[in-house]
Structures are given as structure tokens and as C-alpha cells.
Amino acid sequence: MSKKDSLSRFLFEKNAVRGEIVNVTETYQSMLENHHYPEPVQCLLGDLLVATSLLTATLKFEGDITVQLQGDGPVRLVVINGNNNQQMRGVARVGEEDVKAGSTLKEMIGNGFMVITVTPKKGERYQGIVALDGETIEACIDNYFKQSEQLPTQVFIRSGMQAGKAAAAGMLLQVLPATEEHSVEQTAEHFELLTQLTHTIKAEELFTLDTKEILHRLYHEEDVTLYEPQRVEFRCTCSRERCEDTLVTLSEEDVNHLLQEQGNIDMECEYCGTHYIFNEDDVKNINKLDKSELH
Ligand SMILES: [Zn+2]
């Protein structure tokens, strides 16, 4: 479990601009365990994790969120699953083709889309789709906000290595709805200034400094209110029960074939690497349960 990862919201009271700052380094490291991704794919996962965390915090919902990149390039799929409690997991599927060092988003995903799916506990599921025509995840998320919200929003995403270990963090700025106190023009001007200031943050600073230090470093002339942080953590939703649900969908022939070939059925979670082993007796019991439920 992560000890350090957290997301904090902050507010520029006088300027009608809100912000978020997140560090997901430990969650990211857990996500990379048991995987050997090419370096650019690793960074892509980090970027998408940061983006998902920031995005989740701007949406008012209780439930699950999935952000995925899919296209016709050598990286078939990159997906982050999370929820409103900032519990995240993610995986990338890379095809046969090599992913060269220094590959861009476009070179990895090819012609593709970013699909954002929100499944609230109550109410309807909704989906947003953005063409991947930005150079970076940062640009694609900015496009998403332009498409879906009227409020100007800007994200800042950094992922890479820090002291030999994978690290990922980011920030978000968003204009608040106009009020009598704050004219649209005034707010736009402030937003522009704050965006320029935030652009000066270095990856290393985001990875290593604590939230207060970063806010001071960037906005020491501004009046910033910082709220209580929310924890971010790696959490996989796989379980033996879910594997059983998959097993009963397989034909008896396939199951018997697997049992004969390997002695048991070993199902590995592609997100966290947990193995779920089923022997012949386990399979018989699942089938019995399943059939009794049908009657
Ligand atoms: Zn798992």
C-alpha cells in the first residue's frame, strides 16, 4: 500500500481558479511490478495514471472510471481503472512489433482514441471519446476538457525516473464558474498567469518536494488555500470469484484440455500478477454450483 501518494486540491480565493496536485509514484511503481514494459510504454502508463487521477478529482461522482488508449499501433491498449477513492490499477498490451526508445505517443498508439468511461454507483454510465491527435497525454487531456467542459482547464503531467526509480506526478488548474465578483476577462487573465507559473515546475521538483513547498515555489505571491489531501493507492479488483465467473464461461472441452495439459488451471491477473490456481476438484465444484444456480 502507498504511504506517500496523495492528491490535494487548492484554491486561489481571489482569482476564481482552482487546482489539484498529485503524486502517484508508489502507485505507479506497484503498477510496473511484474511487468517489463519498454521505457516509452512505461512513461505512457505513468502519464495516463496521473491524468486519470487528476480527471477523477474534477468529476463529481461515486463509482468507477476507466481511461484507455487504443489504436492500430504497436501498443494495442493502455488502460487505467480507478474509482472516486483514488484506488488505481493499470496495464499496457504491447504487440509483436518493437517499441523503439524515444517513441512518441503517435508512434506507439498509431491512429487511435482516448476513451473515458465513468460508471457511477447510481445513475447512467457515460463515455467521452477524444481523438489522439495531441503530441502528449497532457495535450489529449486538454483537448478532452475543451470538448466536454466550458471551464478552461490545463493539466501538467510529469513521469520518468527519479534517483533510479520510476516516478509520476502532476497538476491541474481550472477556472471556476463566473460570479459577480470575478468577471470572465479578469479570471482569464489570472488563469493565463497561473498557467505560465505552473509551466515552470520541473519534474524533479514535482517528484521530490512536498505539496506546500511546491505551491510556495510556484505561487508565493498568490493567496492559496490548500485543502486536506486525499490518498491515492494501487488497488487491484481481481479475485478468485471473478476468475470462477470466467471459468464457467469456458467450454467443458477447453477446461478438460487445460487440466490434462497442465494438471491445473493457472489464471494470472494481468494487472497485479496474482495467480489463481484451480485443480480438477475446484473446477468440478464451480460447475456444480453454477448448475444448481440454474435450477
Ligand atoms: Zn489483480
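Below is a summary of the structure that appears in this document.

Analysis parameters
Residues numbered from 1 in each chain as written. Predicted model: local features only at pLDDT ≥ 70, side-chain atom pairs only at ≥ 80, totals over all residues. Heavy atoms only, no water. Helix = DSSP H or I, 4+ residues; strand = E, 2+ residues; numbered from the N terminus. Buried < 20%, exposed > 50% of the residue type's maximum accessible area, 1.4 Å probe, protein only. Contact = heavy atoms within 4.5 Å. Areas by Shrake-Rupley, 256 points an atom, 1.4 Å probe, with all protein chains shown as cover. Lys, Arg positive; Asp, Glu negative; His and termini not counted. Charge placed at Lys NZ, Arg CZ, Asp CG, Glu CD. Donors = N, O, S within 2.8 Å, 3.2 Å for Na, K, Ca; no water. Tetrahedral: all angles 85-135°; square planar, octahedral: opposite > 155°, others 65-115°. Core = buried A, V, L, I, M, F, W, Y, C linked by side-chain atoms within 4.5 Å. Polar contact = N/O pair within 3.5 Å; in protein donor to acceptor, adjacent residues only side chain to side chain. Phe/Tyr/Trp six-rings, centres within 6.5 Å; stacked < 30°, edge-to-face > 60°. Lys NZ or Arg CZ within 6 Å of the ring centre and 35° of its normal.

Right, let's get into the overall build of the protein. Along the backbone of the protein there are 10 helices and 14 strands. Considering only C-alpha atoms, the protein reaches an extent of 70 × 45 × 35 Å along its principal axes. Buried positions account for 48% of the 295 residues belonging to the protein. Taking all contacts inside the protein whose residues are at least 6 apart in sequence as the whole, residues at least 24 apart take part in 62%. Of the accessible surface of the protein, which amounts to about 16,200 Å², a share of 47% is contributed by carbon and sulfur atoms. Counting 27 positive and 49 negative side-chain charges, the protein places the centres of these two groups 3 Å from one another.

Let us now look at the coordination of the zinc ion. Donor atoms from the polypeptide that bind the zinc ion are Cys236 (SG), Cys238 (SG), Cys269 (SG) and Cys272 (SG), placed at 2.2 to 2.3 Å. Between the 4 donor atoms coordinating the zinc ion, the angles at the centre fall across 105 to 115 degrees, so the site counts as tetrahedral. Positions of the donor residues of the zinc ion, expressed as sequence spacing, correspond to C-x1-C-x30-C-x2-C. Of this pair, Cys238 sits in the loop between β12 (233-234) and α8 (240-247) while Cys272 sits in the loop between β13 (265-268) and β14 (275-278), placing them 34 residues apart in sequence. We classify Cys238 as partly exposed; its relative accessible area is 21%.

As a rule of thumb, soluble globular proteins bury nonpolar side chains together. Residues Leu69, Val78, Ile109, Met114 and Ile137 are the most contacted members of the largest nonpolar core, which totals 55 residues. In terms of residues, this core owes the most to one element, helix α2 (residues 39-58), which gives 10 residues. Excluding residues that lie within four positions of it along the chain, Met114 makes contacts with Leu48, Val67, Gln68, Leu69, Gly128, Ile129, Val130, Leu132, Cys140, Ile141 and Tyr144. In this structure, Ala169, Phe191, Ile201 and Tyr219 belong to the second largest nonpolar core, which totals 19 residues.

Before going further, it helps to examine the side chain of Thr153. Following the sequence through the fold, Thr153 ends up in strand β8 (residues 153-162). For Thr153, a relative accessible area of 10% puts it in the buried group. Polar contacts involving the side chain of Thr153 include one to the side chain of Gln174, which spans 3.0 Å. Residues within four places of Thr153 in sequence aside, it is in contact with Asp142, Phe145, Leu172, Leu173, Gln174 and Phe191.

On to the packing of aromatic side chains, then. Counted according to the given criterion, the structure contains 4 aromatic pairs. Ring geometry for Phe12 versus Tyr219: centroids 4.8 Å apart, planes at 90 degrees, classification edge-to-face. Of this pair, Phe12 sits in strand β1 (residues 6-12) while Tyr219 sits in helix α7 (residues 211-219), and the two are 207 residues apart along the sequence. Using a relative accessible area of 0% as the deciding quantity, one classes Phe12 as buried. Owing to a relative accessible area of 2%, Tyr219 belongs among the buried residues under this scheme. Between Tyr144 and Phe145, the aromatic rings sit 5.7 Å apart at their centres with planes inclined by 65 degrees, giving edge-to-face as the arrangement. There is no split in this pair, since Tyr144 and Phe145 are both buried. Between Arg240 and the ring centre of Phe278, over which it is positioned, the NZ or CZ distance is 4.1 Å.

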